[in-house]
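Next come the chains, spelled out residue by residue.
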There are 2 protein chains.
Amino acid sequence: MAEQLTKRADDYAKWYNDLVLKADLAEHSEVRGCMVIKPHGYAIWEKMQSALDGMFKATGHVNAYFPIFIPKSYFAKEASHVEGFAKECAVVTHYRLKSDPVHGVVVDPEAKLEEELIVRPTSETIIWNTYKGWIKSYRDLPLLINQWANVVRWEMRTRLFLRTTEFLWQEGHTAHATRQEAIEETERMLEVYRVFAEEWLAIPVIKGLKTESERFAGAVDTYCIEALMQDGKALQAGTSHFLGQNFAKAFDVLYTNKENKQEHVWATSWGVTTRLIGALIMTHSDDHGLVLPPKLAPVQVAVIPISKNAEQLEALRAYVAPMIASLMSKGITVKFDDDDSKKPGWKFAEYEFKGYPVRIAIGPRDMENGTVEVARRDTLEKQVMQVTDIAEKVEHLLGHIQDNLYQKALAMRENNTRAVNSYAEFKEEIEKGGFLLAHWDGTPETEAKVKVETKATIRCIPLGSAPETGTCMVSGNPSKQRVIFARAY
Amino acid sequence: MAEQLTKRADDYAKWYNDLVLKADLAEHSEVRGCMVIKPHGYAIWEKMQSALDGMFKATGHVNAYFPIFIPKSYFAKEASHVEGFAKECAVVTHYRLKSDPVHGVVVDPEAKLEEELIVRPTSETIIWNTYKGWIKSYRDLPLLINQWANVVRWEMRTRLFLRTTEFLWQEGHTAHATRQEAIEETERMLEVYRVFAEEWLAIPVIKGLKTESERFAGAVDTYCIEALMQDGKALQAGTSHFLGQNFAKAFDVLYTNKENKQEHVWATSWGVTTRLIGALIMTHSDDHGLVLPPKLAPVQVAVIPISKNAEQLEALRAYVAPMIASLMSKGITVKFDDDDSKKPGWKFAEYEFKGYPVRIAIGPRDMENGTVEVARRDTLEKQVMQVTDIAEKVEHLLGHIQDNLYQKALAMRENNTRAVNSYAEFKEEIEKGGFLLAHWDGTPETEAKVKVETKATIRCIPLGSAPETGTCMVSGNPSKQRVIFARAY
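Rules and cut-offs
- Residues numbered from 1 in each chain as written.
- Chains lettered and ligands numbered in written order.
- Predicted model: local features only at pLDDT ≥ 70, side-chain atom pairs only at ≥ 80, totals over all residues.
- Contact = placed C-beta atoms within 7 Å.
- Nonpolar A, V, L, I, M, F, W, Y, C, P; charged D, E, K, R; others polar.
- Pairing = 2+ DSSP bridges.
- Helix = DSSP H or I, 4+ residues; strand = E, 2+ residues; numbered from the N terminus.
- Domains from an automatic or database assignment.
- Least-squares fit on C-alpha atoms with pLDDT ≥ 70 in both.
- pLDDT = per-residue confidence, 0-100.
- Axes fitted to C-alpha atoms, helices over the stretch in contact; angles between N-to-C directions.
- Left-handed = near helix turned anticlockwise from the far one by under 90°.
- Buried ≥ 20, exposed ≤ 12 C-beta atoms within 10 Å, placed from the backbone.
- Parallel < 35°, antiparallel > 145°, perpendicular 65-115°, else oblique.
- Expected span 1.5 Å × (residues − 1).

Visitor: Looking at this structure, I do not really get the interface of chain A and chain B. What am I missing?
Guide: How big an interface is tends to be reported as the loss of accessible area on association of its parts. On the chain B side, the residues contacting the 50 residues of chain A number 49 residues. Along the lines of polarity and charge, the residues of the side of chain A that touches chain B split into 33 nonpolar, eight polar and nine charged. For strand β5 (residues 91-94) of chain A and strand β5 (residues 91-94) of chain B, the ladder comprises three bridges, and the chain directions are antiparallel. The residue bridging Val91 of chain A from the neighbouring strand is His94 of chain B, located in β5 of chain B.

Visitor: Explain the domain arrangement of chain A here, please?
Guide: For chain A, the assigned domains are domain 1 (2-284), domain 2 (299-400) and domain 3 (417-486). Placing the centre of domain 1 of chain A and that of domain 2 of chain A at their C-alpha centroids yields a distance of 40 Å.

Visitor: Just to check I follow, could you spell out the relation of the copies chain A and chain B for this structure?
Guide: Here the two chain copies are tied together by a rotation about an axis and a shift along that axis. Laying chain A over chain B is done by rotating through 180° and shifting 0.0 Å along the axis; what remains is an RMSD of 0.0 Å. Here the two chains are linked by the operation of a two-fold rotation axis. Relative to the rotation axis, the closest C-alpha in chain A is found at Val92 of chain A, a distance of 2.1 Å.

Visitor: Would you mind going over the sheet that holds strand β24 (residues 457-462) of chain A with me for this structure?
Guide: Backbone hydrogen bonds are what pair the strands of a sheet, in a parallel or an antiparallel way. Residue and element names in this part refer to chain A. Across the sheet, which stays open at both edges, the eleven strands sit in the order β3-β9-β10-β16-β13-β12-β11-β24-β27-β23-β22 with mixed pairing between neighbours. What marks the edges here is a single partner per strand, and that holds for β3 (62-63) and β22 (417-419). In this structure, strand β23 (residues 435-439) lies alongside strand β27 (residues 482-486), joined through four bridges in antiparallel fashion. Within β27, the residue paired with Leu437 across the bridge is Ile484.

Visitor: Would you mind going over the confidence of the model for chain A with me for this structure?
Guide: In low-pLDDT regions, the fine details of the predicted coordinates are not to be read closely. Summing up the model confidence of chain A, the mean pLDDT is 96 and the portion of residues at 70 or higher is 100%. The ipTM value of the predicted complex is 0.97, and its pTM value is 0.97.

Visitor: Would you mind going over the packing of helix α2 (residues 39-58) of chain A against helix α6 (residues 179-200) of chain A with me for this structure?
Guide: Geometrically, a packed helix pair is captured by the angle between its two axes and the distance between the axes. All names here are of chain A. One can describe the packing of α2 onto α6 by two numbers: an axis separation of 11 Å at closest approach and a directional angle of 145°. The way α2 lies across α6 gives a crossing that is right-handed. On α6, the residues touching Ala51, Leu52 and Met55 of α2 are Val192, Phe196 and Trp200. Split into classes, the residues belonging to the contact of α2 with α6 amount to six nonpolar, no polar and no charged.

Visitor: Just to check I follow, could you spell out the environment of Val152 of chain B for this structure?
Guide: Residue and element names in this part refer to chain B. The topology assignment puts Val152 in strand β9 (residues 143-152). A residue is classified by how many C-beta atoms lie within 10 Å of it, and Val152, with 27 of them, is buried. Placed 198 residues apart in sequence, Val152 and Glu350 show a C-alpha to C-alpha distance of 34 Å. Dropping the residues within four chain positions of it, Val152 is found in contact with Ala90, Val119, Pro121, Thr165 and Glu166.

Visitor: Honestly, the environment of Asn257 of chain A in this entry has me stumped. Any pointers?
Guide: Residues and elements named next belong to chain A. Here Asn257 is to be found in the loop between β14 (254-256) and β15 (262-264). The partly exposed category is assigned to Asn257, around which 14 C-beta atoms lie within 10 Å. Sequence spacing of Asn257 and Ala456 is 199 residues, and the spatial spacing of their C-alpha atoms is 46 Å.

Visitor: What exactly am I supposed to notice about the packing of helix α9 (residues 310-329) of chain B against helix α12 (residues 390-415) of chain B here?
Guide: Residues and elements named next belong to chain B. Where α9 contacts α12, the axes come no closer than 9 Å and their chain directions differ by 45°. Put simply, α9 runs oblique to α12. Regarding α9 and α12, the two cross each other, and that crossing is right-handed. Residues Met323, Ser326 and Leu327 of α9 lie in contact with α12, whose contacting residues are Ile390, Ala391 and Val394. Here the contact of α9 with α12 is composed, by residue class, of five nonpolar, one polar and no charged.

Visitor: Quick question: what am I supposed to make of the pairing of strand β20 (residues 371-376) of chain B here?
Guide: Within a regular strand, side chains alternate between the sheet's two faces. All names here are of chain B. As defined by bridge partners, strand β19 (residues 358-362) adjoins β20 across four bridges and the pair is classed as antiparallel. Bridge pairing links Ile360 to Val374 in β20. Looking at chain direction, β20 and strand β21 (residues 382-386) are connected through five bridges and run antiparallel. The residue of β21 that forms the bridge with Thr371 is Gln386. Here β20 folds back onto β21 in antiparallel fashion, the turn holding five residues, of which Leu380 has a positive phi close to 65°.

Visitor: I would appreciate a short explanation of unusual backbone geometry in the present structure.
Guide: Most peptide bonds are trans, and most residues other than glycine sit at a negative phi. With an omega of -5°, the peptide bond between Leu141 of chain A and Pro142 of chain A qualifies as cis. Looking at where Pro142 of chain A falls in the secondary structure, it is placed in the loop between α5 (124-134) and β9 (143-152). The phi torsion at Phe161 of chain A lies on the positive side, around 70°, for a residue other than glycine. Following the sequence through the fold, Phe161 of chain A ends up in the loop between β9 and β10 (166-176). Residue Phe161 of chain A is classed as buried on the basis of its C-beta count, with 25 C-beta atoms lying within 10 Å. Here Leu380 of chain B, not a glycine, exhibits a phi torsion of approximately 65°, which is positive. You can see Leu380 of chain B is positioned in the loop between β20 and β21.

Visitor: I'm lost on the sheet that holds β20 of chain B in this one. Help?
Guide: Residue and element names in this part refer to chain B. Spatially, the five strands line up as an open sheet ordered β18-β17-β19-β20-β21, and their pairing is mixed. One side of each edge strand has no neighbouring strand; the edge strands of this open sheet are β18 (334-336) and β21. Averaged over all adjacent pairs, the angle separating strand axes in this sheet is 25°, with direction ignored. Pairing analysis gives five bridges linking strand β17 (residues 301-305) to β19, with the strands arranged parallel. Looking at β19, one finds that Val303 is bridged to Ile360. Against the sheet, α9 touches β17, β18 and β19, its axis set at about 165° to β17.

Visitor: Please clarify how helix α12 (residues 390-415) of chain A should be interpreted in this entry.
Guide: For α12 of chain A, spanning 26 residues, the distance from its first C-alpha to its last is 36 Å, which sits close to the expected 38 Å at 1.5 Å a residue. Every buried residue of α12 of chain A is accounted for by Ile390, Val394, Leu397, Leu398, Ile401, Gln402, Leu405, Tyr406, Ala409 and Arg413 of chain A.

This is the structure we're talking about:
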């Protein structure tokens, strides 16, 4: 398998696409821009969902479900929102097909909807239209709701996981009594995303604010986490929006405060998508195939017996049974592959290519010696280990792999993050990829000029960085802090 | 709350609708036929998903995700399938909106799709079109895949959970080398549904086969589980379809068998939906509100301190802390409600109405006596218990409640299942509701006549019942076994 994989150095984009297809993660469907997420890819998404869902619940959120269809008129209620999403909407206009003697199955012209329905590209409008009925008083606040759902944004150029017409995501939508509470929620969920990215995906991220031109359509402020891929391009890994009172005003959502006065409600929304699977692949995988952080690997350990005959296989089964039980009792997921229609070499290649973090091989000699051979996917190192306390050793190794992947990705990012002080230097450096820290005058004009001339965008205005005044590399006007530029996915 | 609830005896349909709304389970959205599933309702669905997903995985299935859109032409490939679903399809015809100076936001006529897309009402067609690329040889079989998704069937008359235009479900789609294997899979998943219905939902069900007129569009055989609601109407709670080679032929899915010959693949599909939440409500709930089986209750135990002042409340907190820790260590979900802005009476009413299986109240006198007051929702009985070993007692009680709900529902069904031997008797008995066991000549004509004249349909031809020859109650023609008639949701 790995032999058929394009090398990253040869063609990174092709390597990515090859890998997604050959590792059975996803494929293009015949429906334009929509992907099929195959079982191995979906299993990673399920792990992500489970971890995130636990973090959302631990921060007081509950799940709910809102309709997939949004009446066209809802969109028009928030001006910048419709502006941002109108160009990429799937529109339902009819509700029936019929048989036609000449053309076969056709749309029944008599079943035309009075008002067209939009397949949700995001749910602020329908949710705020619903919240209107739920929020009367300060006692109803805060409302902390998340939804796991599919959404559709009509994309002209698509890439598996990274940009697809339909994708899966979660979208949190919260309502608060005060501006301050809403901002705190926006920042709290950004921090949840940072922790998830760093501790689960093993991807270091930078927290920051989007500039006006990159802001979510309808938001007052868009916060984001930005990651750097192995090819030096940036990827936005999650966003958390402070929506101010924009949607409350558009949908007339008022509450009675403790002083018995009516006020508009304050809002946030925040989401991450199946795009994170793309981020995971592009951060850790290599020319040998997929590399997965143990915390998100569908199966963490593959155990492969190496036998010459049925009798040996039976003996090996008995030999490994207590080890497997012991691994499982620690919550480690194990696949014991004793399918003797496939050769060990084939299995080694398969599990390596599909990113199983640890592979344990056991042959007759291991039985004699009380050993097993343990291979780790991240470094491809093999080691013979005594079987005594093997579950503890593997548990430790999995933790070590998780940490190693993060450290490696962090080093990569640090090696590719640099300050530049002139536009000439910027133009030269941007060709090498990476995050460039540069002074910017804060205007959309300068941002647009840089984008047109270099294809780089401002990924974010980083949070918590030390203030450093300077002059904009393009206009020479004053700047209060460096921002992060990069070419991005 | 309960005071405002319509009594079942007065108007069962209104009781149901009231309850769904007032217990905060779901509500109608402004989008025709689509519901909003509120957090309390969605939490029940999450419990169902978790249990079912575990059962699917334990039987060797994996999850995947297929596109929400299906090209119109796919539908036409399986003749009876398009016939069955064409009348209720949401059709996407355009992919863009635009601003119009006169009419505001309008559909952009230039963004018309060449081929219309159908929002999936079920996914056989797109999945079999995909399987075509996945299945080459007998080594690729069986393919055991499930999908959790939303689907849309344009319904003219909707009821919350029971019949909605958009609903949530799981759909299993499996591919097999032989007819026999596919039939075994169909029956295996029907049995999974039976176990889930009886052991989790606490709803007794009858396994059976649908008649031709009630069969899934495209199936060779539709198996089902049928339940009886408190009002004497039947509810189909899950279906498992043996699809034969119909979809493999429609989408040209062939595999090479061990003899190196090409054969069409055999298929099954099976699903349950958010309708099960409706079944749950209509089976167990009462005039006091929601009743939930402990295994599916979002929270199993509400703990309510009763205090006169802050000092007492602090003492009660300390008193119940070990009890709560002990309950949670047993995997029992607990809500400790020490919100002193609400009165205990309000909380009692709230938790009773929302179906918390067990409520524990503790006052200052309990502290002195080393007791707590335990109330069970199913019987509304209260009991003072010594706090010693309280977690074991509550665990036992939850098991007992689960069992009691099942036994009660079973007794209700048995009391309302009866054999009838003439059409005159049938017409009289059907007015009383319940399952009627009657002889039927096996023709769609007789079935249609009974439906028109009595509104009753054949719910199923029960599996495993003792053969009993007789004569059809309508036509007098020979019959091989009794079938189950009922009026149904």
